[in-house]
Amino acid sequence: MTLPLRRRARSTHVDVPDPDIVAQNGAPSQHHLRLTALLGAGRVALGGAFLAFPEASVRMLGVDSASAGRMAWLARMAAARDIALGLGVLGTVTTRRGRAAALASTALVDAVDAAVIAVAAHQRRVDRVRGYAMAAGAAAVAVGGLVTAADVARRRR
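Description of the structure in this document. (Residues numbered from 1 in each chain as written. Predicted model: local features only at pLDDT ≥ 70, side-chain atom pairs only at ≥ 80, totals over all residues. Heavy atoms only, no water.)

## A few points about the nonpolar core
How we decide: Nine residue types can take part in a nonpolar core, namely buried Ala, Val, Leu, Ile, Met, Phe, Trp, Tyr and Cys, and a core is a set of them joined through side-chain atoms within 4.5 Å. Here's how the labels work: a residue is buried when its accessible area is under 20% of the maximum for its type, exposed when over 50%, partly exposed in between, all with a 1.4 Å probe on protein chains only. We call two residues contacting when some pair of their heavy atoms lies within 4.5 Å.
Counting residues in hydrophobic clusters, the biggest one holds eight residues: Val58, Leu61, Val63, Ala68, Ala75, Ala120, Ala121 and Val126. Discounting residues that sit within four places of it in the chain, Ala68 has contacts with Glu55, Val58, Arg59 and Val63.

Next up, the structure:
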């Protein structure tokens, strides 16, 4: 005698992402707010350090001290730009407006910085190892900012 086989019940389990990462009712997720704040604050801190110590910031690339002294004004300009961009990104944490655009803009700046430093390292205008390391760091920050900007823009739809 054969017994009839029972049909298995279908699973009603739905796999959902962690609630800390998911935006609720169009609101930004805590993950996005933390990452945005980190990117903005990091840029302000880096800009502040470069503004306070422009020659040291150029020397980190392996540039000699005489050249670093002549380039200090340029380092201060870049520092002021980074502080302004960082404050702009931090402003989007509380207003929620323009967050994706601010993150994408700063990512573009970081990508250009990475390319310029990599070219300078390739041409031996700066120490190759230090130059490539800094270019890699700038590229990583650019990718992080761009990915976050894309995610923020996608979640707003």
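## Things to note about the pattern of salt bridges
Cut-off, in case you're wondering: Should a side-chain nitrogen of Lys or Arg be within 4 Å of a carboxyl oxygen of Asp or Glu, the pair is scored as a salt bridge. Here a strand is any run of E in DSSP of at least two residues, a helix any run of H or I of at least four, and the numbering for each starts at the N terminus.
What the rule picks out here adds up to five salt bridges. For Arg43, the salt bridge is made with Asp82, and the minimal N-O distance between the two is 2.7 Å. Of the two residues, Arg43 sits in helix 1 (residues 30–52) while Asp82 sits in helix 4 (residues 72–95), which places them 39 residues apart along the sequence. Taking relative accessible area as the criterion, Asp82 reaches 6% and is therefore assigned buried.

## Examining the packing of helix 1 against helix 4
For any two helices packed against each other, the geometry comes down to the angle between their axes and how far apart the axes lie. As a reminder, the rule being used: Axis definition: a line fit to C-alpha positions, over the contact stretch in the case of helices; interaxial angles, taken between N-to-C directions, run 0 to 180 degrees. Small angles under 35 degrees read as roughly parallel and large ones over 145 as roughly antiparallel, with 65 to 115 read as roughly perpendicular and the rest as oblique. The hand of a helix crossing depends on one turn: near helix anticlockwise from the far one by less than a right angle means left-handed, and clockwise means right-handed. Under this grouping Gly is polar, as are all residues other than the nonpolar Ala, Val, Leu, Ile, Met, Phe, Trp, Tyr, Cys and Pro and the charged Asp, Glu, Lys and Arg.
Contact geometry for helix 1 and helix 4: axes closest at 7 Å, N-to-C directions at 160°. With respect to their mutual orientation, helix 1 and helix 4 come out roughly antiparallel. Here helix 1 and helix 4 pass one another in a crossing that is left-handed. Every residue of helix 4 that contacts helix 1 at Leu33, Thr36, Ala37, Gly40, Ala41, Arg43, Val44, Gly47, Gly48, Phe50 and Leu51 is listed here: Arg76, Ala79, Asp82, Ile83, Leu85, Gly86, Leu87, Val89, Leu90, Thr92 and Val93. Looking at the contact of helix 1 with helix 4 residue by residue, the classes come out as 13 nonpolar, six polar and three charged.

## Concerning the environment of His32
Spelled out, the test is: Whenever two N or O atoms come within 3.5 Å, that pair is a polar contact, provided that in protein one can donate a hydrogen and the other can accept it, and provided that, for residues adjacent in sequence, both atoms are side-chain atoms.
Take His32: it is sitting in helix 1. Residue contacts for His32: discarding those within four places in its chain leaves Thr148, Asp151, Val152 and Arg155. A distance of 2.7 Å separates a polar atom in the side chain of His32 from a polar atom in the side chain of Asp151.

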